[in-house]
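# Examination of the molecular architecture
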Amino acid sequence: MSVQEVADYLGVPKTTVYDRWRAWGLKAHKVGRALRFRERNVESWLERQEA
């Protein structure tokens, strides 16, 4: 997932994802200069937030 897709999925601005992804503990991969996230990692992180 791109940063924009994660932002849309979470309902937050794209800049929030760029600023907070490390603090949130989301795992990301760099593809060139772009960050990419696996959907399962985003889902897993979201489930941990519910607890």
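Everything quoted here is computed from the prediction, not taken from an experiment. (Residues numbered from 1 in each chain as written. Predicted model: local features only at pLDDT ≥ 70, side-chain atom pairs only at ≥ 80, totals over all residues. Heavy atoms only, no water.)

## As for the side chain of Ser2
Its place among the elements puts Ser2 in the segment before helix H1 (3–10). Given the relative accessible area of 17%, Ser2 is considered buried. What Ser2 contacts, discounting residues up to four positions off in sequence, is Leu35, Arg36 and Phe37. (Helix = DSSP H or I, 4+ residues; strand = E, 2+ residues; numbered from the N terminus. Buried < 20%, exposed > 50% of the residue type's maximum accessible area, 1.4 Å probe, protein only. Contact = heavy atoms within 4.5 Å.)

## Comments concerning the packing of aromatic side chains
If you walk through the whole model with that rule in mind, you get 2 aromatic pairs. Measuring from ring centre to ring centre gives 6.1 Å for Trp21 and Phe37, while their planes differ by 80°; the resulting arrangement is edge-to-face. Of this pair, Trp21 sits in helix H2 (residues 14–24) while Phe37 sits in the loop between strand S2 (34–36) and helix H3 (39–50), placing them 16 residues apart in sequence. The same class applies to Trp21 as to Phe37, namely buried. (Phe/Tyr/Trp six-rings, centres within 6.5 Å; stacked < 30°, edge-to-face > 60°.)

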